[in-house]
Protein chains: 2
Amino acid sequence: MTGATGLVRTAVQAGVSVCFANPGTTELDIVRAFDETPGARAILCLFEGVATGAADGYARMTDVPGMTLLHLGAGLGNGVANLHNARKARSRVVNIVGDHDVDHIPHNSPLTSDIQGIARPVSDWVRTADSTEDVSADIAAAIEAVIGPAGGVATLVAPADILRSEGGGPTAVLRENGRAPVFGDVAAVADALGAGPEVALLLSGRALTQDGLVAGARIAEATGCALMHDSSSRIERGAGLPNIHGFPGTAAAAAEHLPAIRAVVLAGASPPVTFFKWPGEPSSRLPKGVDILTLATPEQDAVPALLAVADAVGAGQAITRTVALDVPSPPTGELSVESAGRAIAAALPEGAIVADESITSGGPFNAHSRACPRHTRLSTGGGSIGWALPQATGAAVACPDRPVIALSGDGGAMYTIQALWTQAREGLNVTSIIWANREYAILRGSLRRFGVDPIDGASASLTDLRSPNIDWVQLARSMGVPGSRPETAEDTYDAIARAIAEPGPHLIEVVV
Amino acid sequence: MTGATGLVRTAVQAGVSVCFANPGTTELDIVRAFDETPGARAILCLFEGVATGAADGYARMTDVPGMTLLHLGAGLGNGVANLHNARKARSRVVNIVGDHDVDHIPHNSPLTSDIQGIARPVSDWVRTADSTEDVSADIAAAIEAVIGPAGGVATLVAPADILRSEGGGPTAVLRENGRAPVFGDVAAVADALGAGPEVALLLSGRALTQDGLVAGARIAEATGCALMHDSSSRIERGAGLPNIHGFPGTAAAAAEHLPAIRAVVLAGASPPVTFFKWPGEPSSRLPKGVDILTLATPEQDAVPALLAVADAVGAGQAITRTVALDVPSPPTGELSVESAGRAIAAALPEGAIVADESITSGGPFNAHSRACPRHTRLSTGGGSIGWALPQATGAAVACPDRPVIALSGDGGAMYTIQALWTQAREGLNVTSIIWANREYAILRGSLRRFGVDPIDGASASLTDLRSPNIDWVQLARSMGVPGSRPETAEDTYDAIARAIAEPGPHLIEVVV
């Protein structure tokens, strides 16, 4: 057995069987190993940022690591932005990156580069394989590095001759079953929660699974604390789930909306900070004087931590305050961010997965979908754009029976537009809704905030996506994805409902 | 004056005035500085790999550094692959990468990352600005780091508050005028060249400018040495230039075609090595026992080195053996790699710039264009695909009066297809010819070489670009670029001739 076959068998036997791949010459033995390994599924992506984003989406929906196969440092480089998102989301991704034959590397041929150097800023674990016998133990270690509660990105660099040579064999992946969950001081948290409405219980990461949400709601009902969530990689939403609100986006907003708050308990959340720093404003989103208690960091076991706190505060098993189903009626009239957001919410089927990178266009959909049938919302985690279409691709591979909706600005969608091709090839049930405001609207908003008025010159040209306008319908069709550009709110609703009902991918351009 | 304005003025005053940009919030003060700086030209790219590839192409055609503006670590990451190409080509690129406000970085907000870590594997020079007063000296140092003969990639990371604050001012860039050129032992090289046909004079890098080629030809005519070139970032080709051939691609081919060779003199070239290592074959492309003499490394002054050797061997000023004009007639009949390559050569106008990333489809065009009117050929340098369309974009900005032709495989073109939009917006005279063989043909070739027959399963699906076929004409039109898909050799010739004659970008899909 080659090293490559031992590696692939190790991964597949550990359940890591889906690989989003863009291989080159140095990875061909891994490609051949997929052929020889029952249960392996290799999916071609035409750009590495699609592969890494899809692996992330697959992992978020399965909790099984998504695997990628990337070509040397340059291919890994193309995957960096979505690995950044995966890592910040504490998702689980395992990258396999080929390298030249060991004795070819010192010759510094054109494609030779510092692969570990490129991997390190976006990986929690990096290793270069140094023997055919051990390469399956290396991939086992990579998987072990990310299957715990902390998740993360592991990158294994494997020279081609080590993969090609005979002498490989599978290695069993060790799981930490039975390991005691790790989290903070439950008694201290329970004690602090005695202050009731003066405390916010802030959930993020794995605390926003159904189990985490229900545990948090039990605590809130027992103590009177405010149950809140912070920007998260994945959240379960909709009817029947606990009532929970997002933590305000600035310290000033938090002081206004949560005047009683004196302490925040973090459950899978980091201390809340702003995305960017604005001149004269603080980085922290907590009003001054608010204490922080850490029940579980994003890397720790937030769900058992919440369950332990629920016990400690004597919470009941049932929760009473849940979201009641309230679906907006389909909108009519003019197409706008508001009416289109309502159209998406009105059409949202139970069990939908929404990969939401709407950025400036996201508000109305979020508000209208709050009490829709239960669904899963994914968001970037790391803020690097070009995330939604790849993410939706991976989520649809993970959950072929659930409708997947990608919401993306036109600016963001262009970074990884090649995802559409993989959606078409694999027949994935993804409806991509492109907010075509034809500008980098978030940058125009920032320029206005900086006092730039009027926006002209380079400030205009570097934030404007007109001249030429992108024809998203034609772009989708060029990669085999049916597209449409509805012109009214009712047509938008119809187009979304039809796209969701029909198998395979669709793209809807919403010009706003 | 803000730090950003001081930075931009410093660059523009040094002649570094064209910036290929994909800014985000942290770079908006640089955007505003472009508005305030006469002579600055900022060009929007919708993906950072387009920006870095275009900066490289601009630099190759002007010898002036191409500037980029990239958003944080994620944006820089998207530019890594074409920065790899630029660096290997010893091109000149200066990246400006914004970062968060200095006091926001420790808060680890979503987009925070190790920007220097991402920069280092693809940069020869990296610095993070630490004061508004010094940020213009930092960009001056970045420019100084790459304007010498070695070229290279310099990356300046600049926190937003340092850019935003008042207290900046321009800094003069120091040029090394009058510095003595640096190269190897001329007397030793002249002595070795006494062996005549037993020596190959191997030119690459800046030695393949007209001056370098003529100096090399003078040496060859005086000594009888073999005048050869190696894969290069830029070469002047065609009628009136010296006769020169490429060095064979393997040691076995070199032994066959150059049986007399005992030594190689490197002038701007590295020791020739294979792209990849094949099992049982050597990395070096030199037959065993061939000595290497280094006249000039790729980082040294190859042209003055060649001129010094020409003097030392008593070479005449004139050269007698030049390429005589011999343009192929336009082809007729079936469309194929051969007939399409001939069609491009037949249509090639004097002064054309050809960014050639044909890979497996490049042979016929290269053979047919050898004696065409004089033109410039660019090739990747680093072998990372997704290079041709961005490169052509930058070359067309640099040389608006010269026709630019991008040759790309369909696989490669998909990585950075967003380049078409910038070509349309800027009205650039680029004709992109896409070899649509609908597979990663080079990988299929490698699989066959490894004995995989038939190619099926993952080996087939991961190397096949069918299902769905990409409609390149529609894809181009979606971004405002007129496209065509000729079906015969004569129609291909006509389409190319028409595309070159008409202003603005065009795309021609050649299904082969």
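Residues numbered from 1 in each chain as written. Chains lettered and ligands numbered in written order. Predicted model: local features only at pLDDT ≥ 70, side-chain atom pairs only at ≥ 80, totals over all residues.

## Re the overall build of chain A
Check the secondary structure of chain A and you find 20 helices and 18 strands. Relative to the 2.2 N^0.38 estimate, which gives 24 Å for 512 residues, the radius of gyration of chain A is 24 Å and therefore close to what a compact globule would have. Seen along its three principal axes, the alpha-carbon backbone of chain A occupies a region of about 65 × 60 × 45 Å. Counting the 512 residues in chain A, one finds 64% classified as buried. (Helix = DSSP H or I, 4+ residues; strand = E, 2+ residues; numbered from the N terminus. Rg over C-alpha atoms; globule rule 2.2 N^0.38 Å. Buried ≥ 20, exposed ≤ 12 C-beta atoms within 10 Å, placed from the backbone.)

## Some remarks on the environment of Phe275(B)
Along the polypeptide, Phe275(B) turns up in the loop between β11 (263-267) and β12 (291-296). Taking the C-beta count within 10 Å as the criterion, Phe275(B) has 18 such neighbours and is therefore assigned partly exposed. Separated by 107 residues in the primary sequence, Phe275(B) and Gly382(B) place their C-alpha atoms 9.7 Å from one another. Apart from residues no more than four positions distant in its own chain, Phe275(B) is found in contact with Ser109(A), Pro110(A), Leu111(A) and Gly383(B). (Contact = placed C-beta atoms within 7 Å.)

## Regarding the packing of helix α3 (residues 48-62) of chain B against helix α4 (residues 72-88) of chain B
Residue and element names in this part refer to chain B. Here α3 crosses α4 at 30°, and the two axes come no closer than 7 Å. Taken together, the axes of α3 and α4 are roughly parallel relative to one another. In the packing of α3 onto α4, the handedness of the crossing is right-handed. Across the interface between the two elements, Glu 48, Gly 49, Ala 51, Thr 52, Gly 53 and Asp 56 from α3 touch Gly 75, Asn 78, Gly 79, Ala 81, Asn 82, Leu 83, Asn 85 and Ala 86 from α4. Of the residues that constitute the contact of α3 with α4, the class distribution is four nonpolar, eight polar and two charged. (Axes fitted to C-alpha atoms, helices over the stretch in contact; angles between N-to-C directions. Parallel < 35°, antiparallel > 145°, perpendicular 65-115°, else oblique. Left-handed = near helix turned anticlockwise from the far one by under 90°. Nonpolar A, V, L, I, M, F, W, Y, C, P; charged D, E, K, R; others polar.)

## Concerning the domain arrangement of chain A
Residues and elements named next belong to chain A. If you check the domain split of chain A, you get domain 1 (3-164), domain 2 (186-312) and domain 3 (337-511). Contacts between the two partners involve six residues from domain 1, matched on the other side by eight residues from domain 2. Of the residues that constitute the side of domain 1 that touches domain 2, the class distribution is three nonpolar, one polar and two charged. (Domains from an automatic or database assignment.)

## Focus: the interface of chain B and chain A
With 75 residues of chain B at the interface, the matching set in chain A holds 75 residues. Looking at the side of chain B that touches chain A, the elements with two or more residues in it are α2 (28-36), β2 (41-44), α4, α5 (115-119), α16 (419-426), α17 (441-449), α18 (457-461) and α19 (472-478) of chain B. If you tally residues by element for the side of chain B that touches chain A, the top one is α4(B), at eight residues. Its residues placed into classes, the side of chain B that touches chain A shows 34 nonpolar, 29 polar and twelve charged.

## Details of the relation of the copies chain B and chain A
If you rotate chain B by 180° and push it 0.0 Å along the axis, it lands on chain A with an RMSD of 0.0 Å. A rotation of that kind, with that shift, is consistent with a two-fold axis. The residues that chain B uses at the interface reappear at the interface of chain A in 99% of cases, marking a shared surface. (Least-squares fit on C-alpha atoms with pLDDT ≥ 70 in both.)

## Some details on the nonpolar core
With 264 residues, the main nonpolar core has Ile143(A) and Ile143(B) as its most contacted residues. The contacts of Ile143(A), once residues within four sequence positions are left out, are Ala11(A), Ala14(A), Val16(A), Pro65(A), Val94(A) and Val173(A). (Core = buried A, V, L, I, M, F, W, Y, C linked by C-beta atoms within 7 Å.)

## Structural notes on the pairing of strand β18 (residues 506-511) of chain B
When a strand is regular, its side chains alternate between the sheet's two faces. Residue and element names in this part refer to chain B. Of all the six residues making up β18, five are buried; the element is thus mostly covered by neighbouring parts of the structure. Bridge count between strand β16 (residues 430-436) and β18: six bridges; the pairing is parallel. Counterpart to Ile 433 in the pairing with β18 is Ile 508. Pairing between strand β17 (residues 483-484) and β18: two bridges, direction parallel. (Pairing = 2+ DSSP bridges.)

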